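If you want the building blocks of each chain, they are given just below.
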Amino acid sequence: MRRAIFPGSFDPLTNGHLDIIKRSSPLFDEIVISVLNNPDKNPMFSVEERVSMIEEILPSIPHGDCNLAVDSFTGLTAEFAKSRDATAIVRGIRAVSDYEYELRMALMNRKLEPTIETVFLMADEAYSYVSSTLMKQVFLLGGRVAGLIPEPIEKRMREKLGR
Ligand code: PNS
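Residues numbered from 1 in each chain as written. Predicted model: local features only at pLDDT ≥ 70, side-chain atom pairs only at ≥ 80, totals over all residues. Heavy atoms only, no water.

1. Section: the site of the ligand
Close contacts around the ligand come from G8, S9, L36, K41, G75, L76, T77, R91, Y101, M105, M108 and N109, and that covers them all. Within the side chain of T77, an N or O atom sits 2.5 Å from an oxygen atom of the ligand. Between the ligand and R91 there is a distance of 2.8 Å, counted from an oxygen atom to a side-chain nitrogen or oxygen. For the ligand, the protein covers 74% of the area, taking 540 Å² as the surface of the free molecule. Here the shell around the ligand gets four residues from one element, more than from any other, and that element is helix α4 (residues 96-112). (Near = heavy atom within 4 Å. Polar contact = N/O pair within 3.5 Å; in protein donor to acceptor, adjacent residues only side chain to side chain. Areas by Shrake-Rupley, 256 points an atom, 1.4 Å probe, with all protein chains shown as cover. Helix = DSSP H or I, 4+ residues; strand = E, 2+ residues; numbered from the N terminus.)

2. A few points about the packing of aromatic side chains
Centre-to-centre distance and the angle between the planes together describe a pair of aromatic rings. With the rule as written, the count across this model stands at two aromatic pairs. With a centroid separation of 4.8 Å and 15 degrees between ring planes, the pair formed by F73 and F80 is classed as stacked. Judged by its relative accessible area of 10%, F80 falls in the buried class. (Phe/Tyr/Trp six-rings, centres within 6.5 Å; stacked < 30°, edge-to-face > 60°. Buried < 20%, exposed > 50% of the residue type's maximum accessible area, 1.4 Å probe, protein only.)

3. Here's the deal with unusual backbone geometry
A negative phi angle is the norm for most residues apart from glycine, just as the trans form is the norm for most peptide bonds. Between D11 and P12 the backbone carries a cis peptide bond, its omega angle lying at 0 degrees. The residue P12 is located in the loop between β1 (3-8) and α1 (15-24) in this model. Although it is not a glycine, F10 adopts a positive phi angle of roughly 50 degrees. By secondary structure assignment, the location of F10 is in the loop between β1 and α1. Judged by its relative accessible area of 3%, F10 is buried. Look at D85: it is not a glycine, yet its phi comes out positive at around 55 degrees. Along the polypeptide, D85 turns up in the loop between α3 (77-83) and β4 (88-93).

4. Here's the deal with the sheet that holds β4
Spatially, five strands are ordered β3-β2-β1-β4-β5 in an open sheet, and the strand pairing comes out parallel. For this open sheet the edge positions go to β3 (67-73) and β5 (117-122), each flanked by a neighbour on one side alone. Each neighbouring strand pair of the sheet contributes to a mean axis angle of 30 degrees, computed without reference to strand direction. The pairing of β4 with β5 spans six bridges and is parallel. Looking at β5, one finds that I89 is bridged to T118. Against the sheet, α4 makes contact with β4 and β5, and its axis sits at roughly 175 degrees relative to β4, the strand it touches most. (Pairing = 2+ DSSP bridges. Axes fitted to C-alpha atoms, helices over the stretch in contact; angles between N-to-C directions. Contact = heavy atoms within 4.5 Å.)

Here it is as structure tokens:
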């Protein structure tokens, strides 16, 4: 059983994240989309909301024979991966600017858990500028994010702001 975790804040999940899930699903038997519970970050959505939004989207993601699951965690990603018997941590790379940060994380995670490899996948170039932070910023200022985040999540963002 080849299990990977795909960790992140997912506040909120974007179409870039979906693209990475789709691309990684042929490589693993199971992918656990792992939502970090980081109270310091002052998120738009609670961890419970993020998990439930992702659960709502999952059935619409093509995933072949790969099982997709969602979970949340606190603390170290490497420790969480180990606790789920994962052999890999999946991360998406959008542009060269992501590389340095991702490299440092991958090396630190490897130091913490040498048996777990980080697998980098290149997001579709259409999403090279899409990040949760940018999506929230644009949305809060009234800009359009259609096509960049899943429709049900956009709806939840509208509800959150009473629009
Ligand atoms: O959505 P993000 O911000 O790109 O996700 C970053 C995440 C959650 C993968 C990273 O911040 C993380 O792994 N945090 C957990 C704490 C940890 O393990 N830190 C050491 C990694 S070097």
